[in-house]
Amino acid sequence: MNQTNVRGRRWGAALLALLCAIAVVLSMAVPSNAQAMEIAKCTARPNADSGSDVLGGTETRITWEGQATDSESLQSISLTLPAGTGYSLDQARATILTGEDHMTRVSVPTTFSSDGETITATFSEPTDAGGYYRLEIYGVVFPTAGGDMPIQATCVLADGSQEQVGSSTIAVTGVSVTKQLTNWLEDQPWVQAWNSVKFLKLFFNPILLVSSFPVVLQGFFMALAIVVIAFPLAIPLGLLLSFMRMSKFGILRGLGSLYVNIVRGTPVFLQIYIAFFGLPLAGVQIPPFPLGIIVLAMNSAAYQCEIYRAGIQSISKGQFEAARSLGMNGAQTMAFVIIPQTVRRVLPTLTNEFILLYKDTSMLAAVGVMEVVMYAKTIVASTGSITPYIVAALFYLVITLPLAKVVGKLEKKLANNDTGSGPSSMSRKERRAAKKTAKHESLVDRRIDLPDANASAEAVEVSPERFSSM
Amino acid sequence: MKIKKIGILVAAGVLAAALGLFGCSSSSSSSSSAQSAASSSSATTTSAGYTLQKAGTLTIATSPDFPPFENLENGQYVGLDIEIGKAVAEKLGLTPEFKTLQFDAILPAIAAGGQADCGISGFTVDPEREKTVDFSDSYYIDDQAIAVMKDSSFTSEGIDSQLNNANVTIAVQSGTSGEEYVQENYPNAKCQAYGNSTDAFAAMQAGQANAVCTNKAVVQNMLADAYSDAQIVKNVATGEEYAIAVSKDNPQLTAAIDQALKELKDDGTIDSLINEYL
């Protein structure tokens, strides 16, 4: 069995060799038609701030690869770039790749020369026959208008005859408005003066501020979409958990506490890692965007649970008793009496929770969700400047600052309402002071629990200073 | 013994002084390094003319998630780059001190100054990167490789057209030459960047990505250790030269590192390290 196999393989090899030989003979027999060289690839390195686009008017590098026919050795290869294309020969490189999978590099002494749009790589001596050639030209600037750029290749064979290799195209995107703006900025003397200060250049480079804005903006929409879906999802889940935690049944109470304690006791970063790298191993395949929403919603639900629980338990016991005496059952009491009062009380804390959740979307950058930080990171990595992070910070502030203002307003309103409705242990003066601090602290603080739910209803009666510590 | 040491010290001092004098005569570069030394108060200027974050210490930034070049084993930095960093520091008469930074944060940190003297983290010399930092001479040449899971439908035959497809996701490490290779050669595929190569492989195993593209030695190492259920479908002889990144404000340090690397090459240290780790 084994032997026949081997024999079969030998026959196959012999046949293949024969075919190759025939092919070679044929190709030599009709030299006029045979291509001496074939283009293997011709690409330009992407030069947009992110993604695969090749932009006009911006430096890029062309990599051209071609395979010479087995019998051909070359004197030179020429590439003709489209009219109006700039280039530099300083870093130009020619390499010959040999071996079965072109993994061995032979660097050949090459001189690069140019004549208008044509770049010629002349090898110091005719190369070995049948080589695989790679030419790299740096500092190539395609015309700003963009379009399909034809690259014409010709080669000179060892016998001195010139031959067309063929043409390939590189799709070049026209320069965008922002790119034109940055190009204009680059030439401005005040920009150059500004950037000559190292600190300003690293943190507030005007060119990068402009160029990273549209890129990071895409991430901004992504982050907004995540939080706008995740937060409402967390509301019913949080309410459910809060009812579980206040349940008469020990099992429900235990389950609710277990969930809340585990989720709040571990970093959201770790939860994201477990969900993104652990779940798929267990056979659960969810695309990154919905998975990110689920993780953040589940995380937020645990925090919201505590907000609702404290909010509900802060309603005076008298309210429950009054509702019951009117003949309402437990569910009716909750739905028509307690919850409406709770909503008003938890609104500021809930807004804070929204702000926190929005900021937490940045953690998803670690697992490849393309949000604000991720986009900023890619530009930082390619430019070595911190400026894109500053742009990212602006995209967070544009949401968090107005919301913080809203929290302040809500707290004020709540305090005023409370003055009219219930008894308060605070004097007017104290309340005003509390309001002042509330404004300052609302954004700064991390999550702090609401008052302990087991305390008596009297003591938890919500007063502005309670919310100010959220 | 003691006398010998003093003798060496004196010799080093004389040499350093000579270098210093030499540095002063070449006007522009030395003045810029003097400026940077003055601006960051914590940095110290050595007698050899280069500045250091901490006197007597070569602070090296690295991202230890790139075995066999650098990773952490029991809290210790190990790998080829780490050994080269140590050897270079020894040649310069300094104590090496490694500092962990995310890969894509190292070059900005080196360019900004204040965190590390140099970066050794499998950096490929690249004209684009050379706009922000200086590179030493190269100490290793690497290629790119693309790996897929063995049970996937990808085959090395015609792999380029299989990968350059809108429903293919290729995981890369953010800011690496592998990322650029994917963007340039597979523009139709989705190029998904992760903070480090370990995460890129974890994502492929988890099914979040179809393939991983990164430096060949790293792929080989990953396949040999943790991901025996993956395979290489394509090697690309990109011939990337690994080098040490140094701030542009510190050309004397680059020169000193070049000298140290040359000595390490000549005495065979680098070759034996490469044989040991790769």
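Residues numbered from 1 in each chain as written. Chains lettered and ligands numbered in written order. Predicted model: local features only at pLDDT ≥ 70, side-chain atom pairs only at ≥ 80, totals over all residues. Heavy atoms only, no water.

Our focus in this paragraph is the environment of G49 of chain B. One can find G49 of chain B in the loop between β1 (44-45) and β2 (51-52). For the pair formed by G49 of chain B and A256 of chain B, sequence separation is 207 residues and the distance between their alpha carbons is 9.6 Å. (Helix = DSSP H or I, 4+ residues; strand = E, 2+ residues; numbered from the N terminus.)

Attention now goes to the sheet that holds strand β10 (residues 162-172) of chain A. All names here are of chain A. Ordered by their spatial adjacency, 5 strands build an open sheet running β6-β7-β3-β9-β10, and the pairing between neighbours is antiparallel. Since the sheet does not close on itself, it has two edges, and those belong to β6 (110-115) and β10, each with one partner. Strand-to-strand twist across the sheet, computed as the mean angle between neighbouring axes with direction ignored, equals 20°. Two strands pair when backbone bridges link them, and strand β3 (residues 74-80) and strand β7 (residues 118-123) are joined in this way by 5 bridges, in the antiparallel orientation. Note on β7: the bridge partner recorded for S76 is T122. (Pairing = 2+ DSSP bridges. Axes fitted to C-alpha atoms, helices over the stretch in contact; angles between N-to-C directions.)

Moving on: the interface of chain B and chain A. Listed per partner, the contact involves 39 residues of chain B and 40 residues of chain A. Carbon and sulfur atoms make up 47% of the area that chain B and chain A hide from each other, which totals about 3100 Å². Of all residues in chain B, E184, Q208 and A237 of chain B give up the largest surface area on contact with chain A, accounting jointly for 21% of the area buried on that side. Residue D249 of chain B pairs with K198 of chain A through a salt bridge whose shortest N-O separation is 2.9 Å. Connecting chain B to chain A are 14 residue pairs in polar contact (both at pLDDT 80 or more). Taken together, the elements giving at least two residues each to the side of chain B that touches chain A come down to α4 (103-112), β10 (140-149), α6 (177-185), β12 (190-194), α7 (197-205) and β14 (230-247) of chain B. Split by residue class, the side of chain B that touches chain A holds 14 nonpolar, 14 polar and 11 charged. (Contact = heavy atoms within 4.5 Å. Buried area = accessible area lost by both parts, 1.4 Å probe. Salt bridge = Lys/Arg side-chain N within 4 Å of Asp/Glu carboxyl O. Polar contact = N/O pair within 3.5 Å; in protein donor to acceptor, adjacent residues only side chain to side chain. Nonpolar A, V, L, I, M, F, W, Y, C, P; charged D, E, K, R; others polar.)

Along the chain, T400 of chain A falls in helix α12 (residues 387-421). Residues contacting T400 of chain A, with those up to four places away along its chain left out, are I355, Y358 and K359 of chain A.

The predicted model of chain B averages 84 in pLDDT, with 84% of residues at 70 or higher. Here the predicted complex scores 0.67 on pTM and 0.70 on ipTM. (pLDDT = per-residue confidence, 0-100.)

With that settled, the discussion passes to the packing of aromatic side chains. As enumerated under the stated definition, the model contains 19 aromatic pairs over all chains in all. Ring geometry for F220 of chain A and F221 of chain A: centres 5.9 Å apart, planes at 50°, overall tilted. On the basis of relative accessible area, F220 of chain A is assigned to the buried category, the value being 10%. One aromatic cluster is present, formed by F66, F69, Y139, Y140 and Y242 of chain B through successive ring pairs. (Phe/Tyr/Trp six-rings, centres within 6.5 Å; stacked < 30°, edge-to-face > 60°. Buried < 20%, exposed > 50% of the residue type's maximum accessible area, 1.4 Å probe, protein only.)

For the rest of this paragraph, the subject is the nonpolar core. Grouped together as the largest cluster of nonpolar side chains are 96 residues, with contacts concentrated most on L58, V88, L92, Y139, F201, I244 and I257 of chain B. With 12 residues, helix α5 (residues 206-245) of chain A is the largest single contributor of residues to this core. Contact partners of I257 of chain B, with chain neighbours within four places excluded, come to V88, L92, C118, S136, I244 and V246 of chain B. By size, the runner-up hydrophobic cluster in this structure holds 33 residues, among which are L79, V140, F142 and V165 of chain A. (Core = buried A, V, L, I, M, F, W, Y, C linked by side-chain atoms within 4.5 Å.)

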